[in-house]
Amino acid sequence: MSNATFPLLCAKDLSVRYRVSGGRGVLMAVNDVTFDLLRATTLGLVGESGCGKTTLARAVLRLVPVSDGQVVFDGLDLSHLSGSHLRRLRRRMQIVFQDPLGSLSPRMTIGDAVGEGLRIHRLRRGSAIRDRVAEMLERVGLQAADMVRYPYELSGGQRQRVAIARALAVGPELLVCDEPVSALDVSAQAQILSLLVGLRRDFGLTYLFISHNLAIVDSVCDAVAVMYLGRFVEIGPRAAVFENPGHPYTRVLLESVPDPEPRPRRASLRTIGEPASPSSPPPGCPFHPRCPFAVDVCRHDRPELRATSSAPAHRVACHRADEDLSGATPSNASGITA
Amino acid sequence: MLQARAPRLWRRFRRRRLGMLSLAGLVLLAAVAVLRPVLASRLPIVCRYEGRLYFPGLVGVLRSVPFASAVVEESRPFSLPSFDVEKAVADSSFAVRALIPYDPLDYSSEVRARPSRQHWLGTDDLGRDVAARLVHGTAVSLKVGLGAMALAGLVGIVLGAWAGYAGGIVDVVVSRLIELVMCFPVFFLILAVMVWVEEPGVTHVVFVIGLTAWTPIARLMRAEMLRLRGSEFAVAARALGAGPVRVLVRHLLPNAMAPVAVTITFGVGHAILIEAGLSWLGFGVPPPAPSWGVMLRSAYDQIQSAPFLVYPPCVAIFVTVLMVNWLGEAVRDAADPRGESENLVPG
Amino acid sequence: MSPNRHSAALAVRDLRVEIRTREGIVRPVDGVSFDIRPGRTLGLAGESGCGKTVSALALMRLLPRGQARISGGSVLWSNGDGESVNLATAAEQEVRRLRGRRLAMIFQDPAAALNPVFTVGEQIAEVSRLHLGLSHGKAMRRAVSLLSRVGIADAARRAREYPHQFSGGMQQRAMLAMALAGEPGILIADEPTTALDVTVQAQIVDLLRGLQSEAGMGMLWVTHDLGVLAQVADEICVMYAGRIVERAGTRELFANPLHPYTQALLACVPRLHRPAGTGGIPGSVPTPAEVPPGCRFHPRCALSRRLAVELDAELCVNTQSGSVLRRCVDEVPALRPVGADHWVACGEVAS
Ligand SMILES: Nc1ncnc2c1ncn2[C@@H]1O[C@H](COP(=O)(O)OP(=O)(O)OP(=O)(O)O)[C@@H](O)[C@H]1O
Ligand SMILES: Nc1ncnc2c1ncn2[C@@H]1O[C@H](COP(=O)(O)OP(=O)(O)OP(=O)(O)O)[C@@H](O)[C@H]1O
Ligand code: SF4
Ligand SMILES: [Mg+2]
Ligand SMILES: [Mg+2]
């Protein structure tokens, strides 16, 4: 089944609801998300803080209960899998958590943490576990001697690398990376990214890659999905999305990337209005209260993801996606402020 | 690397002076309990009698090992009720007496004698040697204190962890059970059970205390589990493919044990005292048998006439409880790789 | 926030930290000096594991007790009215009095630093109750307004939620709100925006800048992200293996980086539309247990290696990592001024 065009992971109409205290009661953290992830490719996931990226990442691995829709991994529908079957499958799909300290057991040494998957799935025995752990630690830029240390003894970046080593140790096919390098300095970032890219090239690893750093997404991803208030608002090949962003939110994101040069920000980089609350999303297009191009239809009808005229694989959920908005005057008073 | 965990714990534990001291003290107490027939007994340890060598003390030690009485013969003449030990020893050409040459049940006319060369800690209202009773009471009190709390700890940890981790109906059932047991007047529950049992003995006391004292442990454990259950490292373990048992045992329990261990050690003292109360009422250890609780109770009633009787059981209980608590704290600290950790939240 | 102006400053001189580990005593921070001035932001940058967090914790006297200690130097806090305290040696009580109110800290791992059993609102309110003496109701209202100031929508409801119901970036902002609740004169922020996307990050930067000009808050901004420092810092210290190797005004540092380490670091910053770097700086930060002699950067230094090729063989020495200048191995370079407001710890650059 290692057909290259056969998607390794499909999510279909995936929704995750959380119950919230008070108010209307539910929060749609992920809403009707559909995507395919081909083998040996990387899908980048970007979006505002709190828009549901982590929830989506956990939902595709069934680490949070899925409210609606299905996830199919290598032809297996995860929602119908029994507990033990799912546990066995976990060897093939791993995740690097966003919070490295929180995701490591405080009373377990680094060596135990990285070796745990090997023990659970009986991939190695006895001293072979040690060897594999040492190998993995060295690959992520730590030392074999760090095995006996505890998470609290490491720096933030070192913990992050432990988390990556732990996920890679069991030899997964799908790796979900939730901000895998945001705790790392640029040098270590480059090192980890080239490790990940190398694994994709050599072993055909597939990634779902969450990052708020667009420059990194730009350099490692084949496709990019932009999320806003729990929904995909744009998805497409990297080049198409980055060079020809169809959704106004994507444009704002791209324009706000800080240059590593100390010069004053451009006016449009200022905050774009109040953030919206996922527990009471606005009607119509979820982005309309902050969108500089919103027109009447945006306030009433929610735009569906539609292919753009330029590239069929590039889909955008915006009523005005096919218009040329570069010269358009912002029509929304609460939009971009100076 | 599971094998490597125990030595690591031990290495960190060893650095803790109080912990090591307490451990040594408790081992010593246990030794006293086991060796009581050679420490305090009318019977000599070794004695040549009528040309033969007898080892009544040592035989006594061996016989206290469970099931050994079937194998080890008693030192025949010495165990006969009518045998005059004093005379035999006096006649003997070779005899080594126990450190305290009295039985805990030996009555004498010397009642409430103050501590002296003969009776190191004096004698009680029936003329029994207090030192001998103290030594023999060690076994009972340790059995009750440690045994009951080991049982309570086991029940409390298992039920509390299960309830906290599984949640749902399990949690509801266990929580109600905890409330039920907690609301029940424990002492009377124990009394009821002890009356109901035909021949109450130390084991019954252990079971009854153990099966009622687990509630605070279970409650604490449940709360800790609720706190840790949602933590990211538990999710991370699940993501790695760990089943519920592994998540619980390898990831959550080690982090929940610290406060629970301390609660258990505090329970030890409590159990010893409950046993005292029970024994006093005649429902614990059968009356003439010595236990610290029995001694304390009877000393209490004569505090006017013989105040010195209070100190030995008091000090024994106090020191034991203290050592168990220190041991618990040392184990807790050793289990925390951070050593004495500090709360990092500002303010 | 009330516009009471702060003029607190923190002068750190020759700070050293010792940690007891299995390999013996190590010094992850070894002679660090800098100043946090009122209304200004000092950036502390450097690779992972170079000692940034340990320095920050040392300033707050929050190093793991019994294992780590400040072994030298001074941390002089002064409030502009002539009151000053040396935090390195002050009694624990004295430090506690300052913490939260005068000096606040944002921790690198927000999820681990928030208490899971209290709501976020309660935790933020607790700080202003403790330090500003507000009533419960007032403190709660303030907590809500702080949450919305850090860009959390629907703050009134969010304040009643528990930390695990927050996303990573929201937890980070909750920590920030908590740190700001005591209206501190000095804020030590350890990677305060790593989990934030560009738009929210810009919002936070604006908020903090506003507080600085309004209330004169001084800030130490610890991060590995030079891109962020370019936006927020007035002055930057670049740290390597427990020492500061270069210190300069932000503009100056970006325009004219002198230390070979700073240059290498800047070269790896990923930019949009430019393929991610060269694979990073070759080699890795030495662990505190095995710092190289002389200039700690010499095993990875491109300048030293290049000069070793150009210069006489007798000025050079062969090491495991190739031929480098003898001076770099033998001499510990001190931080020396090379221009107005620009200091470098490199023997070659300074001469
Ligand atoms: N366990 C939970 N219970 C209730 N609500 C939750 C829970 N986890 C997340 N949420 C909410 O769901 C929404 C999406 O959260 P999620 O963690 O997926 O965001 P994110 O995109 O990963 O953000 P960030 O970039 O800040 O990490 C947020 O509004 C968050 O408050
Ligand atoms: N409690 C400790 N015990 C032993 N070593 C420690 C301890 N805390 C930190 N270290 C070590 O000290 C060095 C500096 O750590 P620090 O946390 O200050 O790094 P950092 O500069 O903050 O890095 P990052 O950017 O990755 O957070 C690291 O090598 C780390 O392993
Ligand atoms: S649909 Fe309308 S409101 Fe939504 S992004 Fe497009 S233009 Fe803006
Ligand atoms: Mg997240
Ligand atoms: Mg750090």
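Every chain's residues receive numbers from 1 upward, in the order its sequence appears when written. Ligands are numbered from 1 and chains lettered from A, in the order in which they are written. Per-residue local features of the predicted model are confined to residues with pLDDT of at least 70, and side-chain atom pairs are confined, for both listing and counting, to 80 or more; whole-chain, interface and lining totals are unaffected and use all residues. As a convention, hydrogens and water are excluded, and side-chain values are obtained from all of the structure's heavy atoms.

Engineer: Looking at this structure, I do not really get the coordination of the magnesium ion (ligand 4). What am I missing?
Structural biologist: Geometry reference: four tetrahedral donors at a metal, ideal angle 109.5 degrees. Six octahedral donors, ideal angles 90 or 180 degrees. Atoms of type N, O and S within 2.8 Å of a metal are treated as its donors, and for Na, K and Ca the window is 3.2 Å; water is not considered, so some sites may appear to be missing partners. Bound to the magnesium ion (ligand 4) are the protein donor atoms Thr54(A) (OG1) and Gln98(A) (OE1), situated 1.8 to 2.2 Å from the metal. Taken together, the positions of Thr54(A) in helix α1 (residues 53-60) and Gln98(A) in the loop between β6 (93-96) and α3 (110-120) put the pair 44 residues apart, joining distant regions of the chain. Helix and strand definitions here come from DSSP, where helices need a minimum of 4 consecutive H or I residues and strands a minimum of 2 consecutive E residues; each element is numbered from the N-terminal end.

Engineer: Explanation requested: the site of ligand 1 in the structure shown.
Structural biologist: We call a residue near a molecule or strand as soon as one heavy atom of that residue lies within 4 Å of the molecule or strand. As a structural note, the neighbourhood of ligand 1 is formed by 20 residues, with Lys53(A), Thr54(A), Thr55(A), Arg158(C) and Gln165(C) the closest of them. This site is not confined to one chain, since residues near ligand 1 come from chains A and C. Definition of a polar contact: a pair of N or O atoms within 3.5 Å, with one able to donate and the other able to accept a hydrogen when the atoms are protein atoms, and with sequence-neighbouring residues admitted only if both atoms are side-chain atoms. Note that an oxygen atom of ligand 1 is positioned 3.3 Å from one of the backbone N or O atoms of Cys51(A). In the model, an oxygen atom of ligand 1 is placed 2.9 Å from a nitrogen or oxygen of the Gln98(A) side chain. Relative to its unbound accessible area of 640 Å², ligand 1 is 93% covered by the protein chains. In this description, accessible areas are obtained by the Shrake-Rupley approach with a 1.4 Å probe, and a residue is regarded as covered only by the protein chains that are shown.

Engineer: Sorry, what's going on with the nonpolar core here?
Structural biologist: Within soluble globular proteins, side chains that are nonpolar generally end up buried alongside one another. Within the largest apolar cluster, 113 residues are counted, with the highest numbers of intra-cluster contacts made by Phe34(C), Leu59(C), Leu187(C) and Leu208(C). When residues of this core are assigned to domains, at least three fall in each of domain 1 (110-183) and domain 2 (253-344) of chain C. Residues count as neighbours in contact if any of their non-hydrogen atoms are within 4.5 Å of one another. Setting aside its immediate chain neighbours within four residues, Leu187(C) contacts Ala104(C), Ile106(C), Leu176(C), Ala179(C), Leu180(C), Leu208(C), Met217(C), Gly218(C), Met219(C) and Leu220(C). By nonpolar core we mean a set of buried residues, namely Ala, Val, Leu, Ile, Met, Phe, Trp, Tyr and Cys, connected to one another through side-chain atoms within 4.5 Å. Exposure categories follow from relative accessible area, calculated using a 1.4 Å probe and restricted to protein chains: below 20% of the type maximum is buried, above 50% is exposed, and the middle band is partly exposed. In terms of nonpolar packing, the next biggest core, distinct from the first, is built from 71 residues, Leu134(B), Ala139(B), Trp214(B) and Trp292(B) among them. For the domains described, the bounds stem from an automatic or database domain assignment.

Engineer: What exactly am I supposed to notice about the coordination of the magnesium ion (ligand 5) here?
Structural biologist: Residue and element names in this part refer to chain C. On the protein side, the magnesium ion (ligand 5) has Thr53 (OG1) and Gln108 (OE1) as donor atoms, found 1.9 to 2.2 Å from it. Of this pair, threonine 53 sits in helix α1 (residues 52-60) while glutamine 108 sits in the loop between β6 (103-106) and α3 (110-113), placing them 55 residues apart in sequence. Taking the relative accessible area as the measure of exposure, glutamine 108 reaches 16% and is therefore buried.

Engineer: It is not clear to me how the interface of chain C and chain A should be interpreted in this structure. Could you clarify?
Structural biologist: Think of interface size as the accessible area that goes away when the parts come together; that is how it is often given. Listed by partner, the interface residues are 58 residues for chain C and 63 residues for chain A. Buried area, as used here, totals the accessible surface that two parts lose on assembly, with accessibility defined by a 1.4 Å probe and the loss added over both. Contact between chain C and chain A buries roughly 4900 Å² in total, counting both sides, with carbon and sulfur atoms accounting for 53%. Salt bridges are defined as contacts in which a side-chain nitrogen from Lys or Arg sits within 4 Å of a carboxyl oxygen from Asp or Glu. Where chain C touches chain A, the interface holds 1 salt bridge. Across the salt bridge formed by Arg159(A) and Asp109(C), the nearest N and O atoms sit 2.9 Å from each other. Here chain C and chain A share 14 residue pairs in polar contact (both at pLDDT 80 or more) between them. Looking at the side of chain C that touches chain A, the elements with two or more residues in it are α3, α6 (155-158), α7 (168-181), α8 (198-215), α9 (226-232) and α10 (250-255) of chain C. No other element matches the 8 residues that α8(C) contributes to the side of chain C that touches chain A. Under the scheme applied, nonpolar residues are Ala, Val, Leu, Ile, Met, Phe, Trp, Tyr, Cys and Pro; charged residues are Asp, Glu, Lys and Arg; polar residues are all the others, including Gly. For the side of chain C that touches chain A, a count of residues per class yields 19 nonpolar, 23 polar and 16 charged.

Engineer: Would you mind going over a positive patch on the surface with me for this structure?
Structural biologist: A cluster of basic side chains, namely Arg11(B), Arg14(B), Arg15(B) and Arg20(C), defines a positive patch on the protein surface. As for its position among the elements, Arg20(C) is in strand β1 (residues 9-21). Patch membership needs two things, relative accessible area over 30% and no salt bridge, and members are linked within 9 Å if like-charged or within 5 Å if nonpolar (Val, Leu, Ile, Met, Phe, Trp, Tyr). Just so you know, the count uses Lys and Arg for positive and Asp and Glu for negative, and it drops His and the chain ends. In this description, the location of a charge corresponds to atom NZ of lysine, CZ of arginine, CG of aspartate or CD of glutamate.

Engineer: Explanation requested: the sheet that holds strand β1 (residues 7-19) of chain A in the structure shown.
Structural biologist: Whenever strands of a sheet pair, they do so through backbone hydrogen bonds, lying parallel or antiparallel. Residue and element names in this part refer to chain A. When DSSP finds two or more bridges between two strands, those strands count as paired. The sheet built from 4 strands is open, its strands ordered β2-β1-β4-β5 with antiparallel pairing. The outermost strands of the open sheet, each flanked by one partner alone, are β2 (26-38) and β5 (76-77). Sheet topology note: the β1/strand β4 (residues 68-73) ladder contains 5 bridges and is antiparallel. Across the sheet, the residue bridging to lysine 12 is glutamine 70, located in β4. Axis angles are defined between N-to-C directions and span 0 to 180 degrees, where every axis is a line fitted to C-alpha atoms and, for a helix, only to the segment in contact. The strands touched by α1 within the sheet are β1, β2 and β4, with β1 carrying the most contacts at an inclination of about 120 degrees.

Engineer: Would you explain the packing of helix α5 (residues 156-169) of chain A against helix α6 (residues 186-203) of chain A in this entry?
Structural biologist: Describing two packed helices takes the angle between their axes plus the distance from one axis to the other. Residue and element names in this part refer to chain A. Two elements in contact, α5 and α6, have axes separated by 12 Å at closest approach and are oriented at 10 degrees. Between α5 and α6, the crossing angle belongs to the class labelled roughly parallel. Contacts between α5 and α6 involve Arg161, Ile164 and Leu168 from the former and Ala188, Gln191, Ile192, Leu195 and Leu199 from the latter. Residues of the contact of α5 with α6, tallied by class, amount to 6 nonpolar, 1 polar and 1 charged. Put simply, angles under 35 degrees are roughly parallel, angles over 145 are roughly antiparallel, angles from 65 to 115 are roughly perpendicular, and the rest are oblique.

Engineer: I would appreciate a short explanation of the pattern of salt bridges in the present structure.
Structural biologist: Oppositely charged side chains can form a pair if their charged atoms are brought close together. Applying the stated criterion across every chain, the model contains 40 salt bridges over all chains. For Glu116(A), the salt bridge identified is with Arg246(B), shortest N-O distance 2.9 Å. One end of the pair, Glu116(A), is in helix α3; the other, Arg246(B), is in helix α13 (residues 244-281), on a second chain. Since its relative accessible area comes to 23%, Arg246(B) is described here as partly exposed. The partner of Glu92(C) in a salt bridge is Arg61(C), with the nearest N and O atoms 3.7 Å apart. Of the two residues, Glu92(C) is situated in helix α2 (residues 92-98) and Arg61(C) in the loop between α1 and β4 (68-78); the sequence distance between them amounts to 31 residues. Glu92(C) gets classed as partly exposed once you look at its relative accessible area, which sits at 28%. Because the salt bridges share partners, they merge into one network encompassing Asp14(C), Arg16(C), Asp30(C), Arg243(C) and Arg296(C).

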